[in-house]
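Fold and geometry: a report
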Amino acid sequence: MNKIANVYYKMGKTQQFTTVLSDATDVTKTIEDANEQARLLADIASNYAQAKQYSQAMQLTQVVDNVDPKFQVLMKIARQYLKVKDMQNFREVLSQALEISLGTKDATNKAQKIAQIAGLYAKAKQYDRAMQLVGNIQNIDNYSPKAEALAIIASNYNTDGQKDKALNILSQALQVAKATKCSLWKS
């Protein structure tokens with residue numbers, strides 16, 4: 001159904017788009033497999049977000065019980081808010097995503113989520129907040145989400161023409177990667 005909704009959206013048929021997604025939501029809520037239901041509701045919410053129907057997208061995220069799909073939808077909504085430069089809603093949605101990530105029990109999953117949020121703050125040129133979040137990222141064995149987040153922040157500084165800051169943070173990323181013996185960073 002989501003593909004049908006997307007065709008309506010691309011054709012500019014907003015009413016049909018909304019009707020199809022509403023029907024898809026109703027049908028999806030009858031699915032007994034909780035994981036499948038969460039995945040499909042998150043997919044529908046993503047479609048709403050892509051169509052800039054943020055209130056419907058946010059309503060559906062409240063129904064999604066599965067942490068990973070809910071997190072991904074919130075990140076997609078935050079990216080959409082960033083595109084339209086609605087920074088207040090951008091921060092509010094990222095705050096919800098951060099709350100989800102901090103509640104994640106799996107250390108690797110938690111670190112990856114926080115790194116993604118830090119990267120999105122860097123893309124929004126909110127470098128202080130991005131670096132603050134990097135401080136909350138724990139490295140896991142031979143994997144360094146902290147180094148990856150620092151590299152993303154450095155890349156954004158570089159894109160902004162702040163090459164000295166980019167080099168400084170990239171140096172930090174390399175130090176963190178070496179300290180964790182992260183195989184991805186060896187070469």
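No experiment lies behind these values; they were computed from the predicted model shown. (Residues numbered from 1 in each chain as written. Predicted model: local features only at pLDDT ≥ 70, side-chain atom pairs only at ≥ 80, totals over all residues. Heavy atoms only, no water.)

Description of the environment of G119
Filter applied, for reference: Only runs of H or I of at least four residues qualify as helices and only runs of E of at least two qualify as strands under DSSP, and these elements are numbered from the N terminus. Burial classification: accessible surface area is computed with a 1.4 Å probe over protein chains only, and a residue below 20% of its type maximum counts as buried, one above 50% as exposed, and the rest as partly exposed.
Relative to the assigned elements, G119 resides in helix α7 (residues 107–123). For G119, a relative accessible area of 10% gives the class buried. Distance from G119 to T180, taken between C-alpha atoms, is 20 Å for residues 61 residues apart in sequence.

Thoughts on the layout of surface pockets
Convention followed: Grid points spaced at 1 Å and placed over the protein atoms alone form the basis of the search, with a cavity being a set where a 1.4 Å probe fits but cannot get out and a pocket an open set showing protein on both sides within 12 Å along at least five of seven lines. Lining residues have an atom within 4 Å of a point. Grid points are joined across faces, edges and corners, and a volume is the space filled by probe spheres set on the points. Think of it as three bins: nonpolar holds Ala, Val, Leu, Ile, Met, Phe, Trp, Tyr, Cys and Pro, charged holds Asp, Glu, Lys and Arg, and polar takes everything else, Gly as well.
As a volume, the largest pocket reaches approximately 170 Å³. What lines the largest pocket is R79, L82, K83, K85, M87, L120, K123, A124 and K125. Elements supplying a minimum of two residues to the lining of the largest pocket: α5 (67–83) and α7. Per-element tally for the lining of the largest pocket: the top contributor is α5, with 3 residues. Per-class residue counts for the lining of the largest pocket are 4 nonpolar, no polar and 5 charged.

Notes on the confidence of the model for the protein
Keep this limit in mind: The pLDDT score gives, residue by residue, the confidence of the prediction method on a 0 to 100 scale.
Residues of the protein with pLDDT of at least 70 account for 90%, and the chain-wide mean is 85. Here helix α1 (residues 2–10) stands out as the element of the protein with the lowest mean pLDDT, 64, in contrast to helix α8 (residues 127–134), whose mean of 96 is the highest.

Brief notes about helix α4 (residues 54–63)
We count it as follows: Relevant arc is that of directions from the helix axis to the C-beta atoms, nothing else.
Among all positions in α4, only Y54, A57, M58, L60 and T61 are buried. On an axial view of α4, the arc spanned by its buried residues comes to 160 degrees, and they lie on one face. Those residues of α4 that are exposed and aimed more than 90 degrees away from the buried face are S55 and Q59.

Examining the side chain of Q53
For clarity, the cut-off: We call two residues in contact when some of their heavy atoms are within 4.5 Å.
If you trace the backbone, Q53 turns up in the loop between α3 (34–50) and α4. Residue Q53 is classed as buried on the basis of its relative accessible area, which comes to 13%. Sequence-distant contacts of Q53, defined by excluding residues within four places in its chain, comprise T14, F17, T18 and Y48.

Here we look at the packing of aromatic side chains
Applied cut-off: Pairing of aromatic rings covers Phe, Tyr and the six-membered ring of Trp, with a centre-to-centre limit of 6.5 Å; geometry is then stacked below 30 degrees between planes, edge-to-face above 60, and tilted otherwise.
Applying the stated criterion across every chain yields a total of 3 aromatic pairs. Centre to centre, the rings of Y54 and Y81 are 4.3 Å apart; their planes meet at 35 degrees, and the pair counts as tilted. On the criterion of sequence distance, the pair formed by Y54 in helix α4 and Y81 in helix α5 is long-range, its members being 27 residues apart. As far as burial versus exposure is concerned, Y54 and Y81 are alike and both buried. Here the aromatic rings of F90 and Y121 are separated by 5.8 Å at their centres, their planes lie at 80 degrees, and the arrangement is edge-to-face. Within this pair, whereas F90 is found in helix α6 (residues 87–102), its partner Y121 is found in helix α7, the two being separated by 31 residues in sequence. Overall, F90 belongs to the buried group, its relative accessible area being 0%.

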